[in-house]
Amino acid sequence: MRLSFLCVSVMAILGAILPLSVQADVIGKDDRSTHIPEHLQEFTRGVGLFFNGSGVCTAFCVSNNAVATAAHCLEGKHTKASDMEFVGFSDGYKYAIPVDGFEIDSRKPTAVYGNSHKATGNDAGDWALLRLKWPRCEKVLPLASAAEARAVINGKTPGTATMLSAYLEKSKKTKKYELLLKSSGNCNFQRDDASLRKIHANMIKSKYGSNVAYHSCDSVKGTSGSPIFFQTKDGAVSVVAINFGIHYLRRYQGKKTKWRSTANLAVGISPFLDKISAISQSIPIINEKDLRELQTRLKGRGFLKGNVDGKYGPQTRAAIMSFERENNLSELGIASLRVLYILRSQSL
């Protein structure tokens, strides 16, 4: 009997989970290893764990006080921004830095993201930038330019990809969980299965957008937010994408239905490159009085459609982004002192 194949839009999000031992979801042979390739060893201090209060993802430093991860990693049943922190490596020891700006809302950190907080890992907006409480990142990772990243994830640049992920593993000796890094092994952004390339290309074009790519880097639960490095033929190394999920292919054979993972999904870094400097410099509002003033001024200018309530929500975020857009500022949507000061100056 001839087998028929059908792609369906089912995602297995590799995001916030409790630190338990889990099986890898890999394509072909499992090449993951604690041995970090020589060309990536200097960057290990810029990759760490992101705790969201109820589970973990991977995150990486994009400035000395900001990290990038997957947007759905900000979600969780018991997620609180006041519990969120980035745990990194530094010369043999680990350091933890809390995220910034949760004083006005315990659930919302100072973050810029492509998706709304409730949209989980299914499109090109599954990325997030978080500002840290202190400028403590030990190593800022090299980022490809927007054009370079797009060329790589679309398979137009020869070279080799590798993903670095932070994870927790229970020590056999101490019985305690240890923070470690794993390399995916060499991988790429092109499918080896020629029969699936056309289907994948159509799905990317019609649903996910050109900024989402399939990759073959071996993954495991908890690796959402992991940076994918790319080394060109001339040896240059930079981060080009963020891992965020798995795409499954459903195979029908008679009355039986089987699922198998066909590729991991990544989102390119190009949408947020111009926002890194802005979020690094955006000091968040931390009291209700200033937030009410911000809302009052936004409402007076016609940007805020909702009420002045001293709470940071979707309408306030949208109003801030509209104001930033009109004033040719980076669209962050953050309730920051920068936006408040600009509003004050414009009323003089």
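Every value quoted in this text rests on a predicted model; they were computed, and no experiment measured them.

Caption draft 1: Here's a closer look at the overall build of the chain. What the chain contains, in helices and strands, is six helices and 16 strands. Residues classed as buried in the chain amount to 50% of the 348 residues present. With the model as given, the accessible surface of the chain reaches about 16400 Å², and the carbon-plus-sulfur share is 50%.

Caption draft 2: Seen up close, the pattern of salt bridges. Evaluation of the coordinates by the stated rule reveals ten salt bridges. The salt bridge partner of Arg344 is Glu293, with a shortest N-O separation of 2.8 Å. With Arg344 in helix α6 (residues 337-346) and Glu293 in helix α4 (residues 288-300), this pair connects stretches of sequence that are 51 residues apart. For Glu293, a relative accessible area of 22% corresponds to the partly exposed category. Taken together, the shared-partner salt bridges connect Asp100, Arg131 and Lys133 into one network.

Caption draft 3: Just helix α1 (residues 146-153), in detail. Turning to α1, its buried residues number three or more, namely Ala149, Val152 and Ile153. Projected down its long axis, α1 shows its buried positions confined to an angular sector of 90 degrees, all on one face. Backbone geometry just downstream of α1 places Gly155 in the positive-phi region, at approximately 75 degrees.

Caption draft 4: Quick peek at the environment of Leu304. Mapped onto the elements, Leu304 comes out in the loop between α4 and α5 (314-326). On a C-alpha basis, the gap between Leu304 and Arg317 in space is 9.0 Å, while along the polypeptide they are 13 residues apart. Beyond its immediate sequence surroundings of up to four residues, Leu304 is in contact with Gln295, Leu298, Lys299, Gln315, Thr316 and Ala319.

The rules we used
Residues numbered from 1 in each chain as written. Predicted model: local features only at pLDDT ≥ 70, side-chain atom pairs only at ≥ 80, totals over all residues. Heavy atoms only, no water. Helix = DSSP H or I, 4+ residues; strand = E, 2+ residues; numbered from the N terminus. Buried < 20%, exposed > 50% of the residue type's maximum accessible area, 1.4 Å probe, protein only. Areas by Shrake-Rupley, 256 points an atom, 1.4 Å probe, with all protein chains shown as cover. Salt bridge = Lys/Arg side-chain N within 4 Å of Asp/Glu carboxyl O. Arc of directions from axis to C-beta. Contact = heavy atoms within 4.5 Å.

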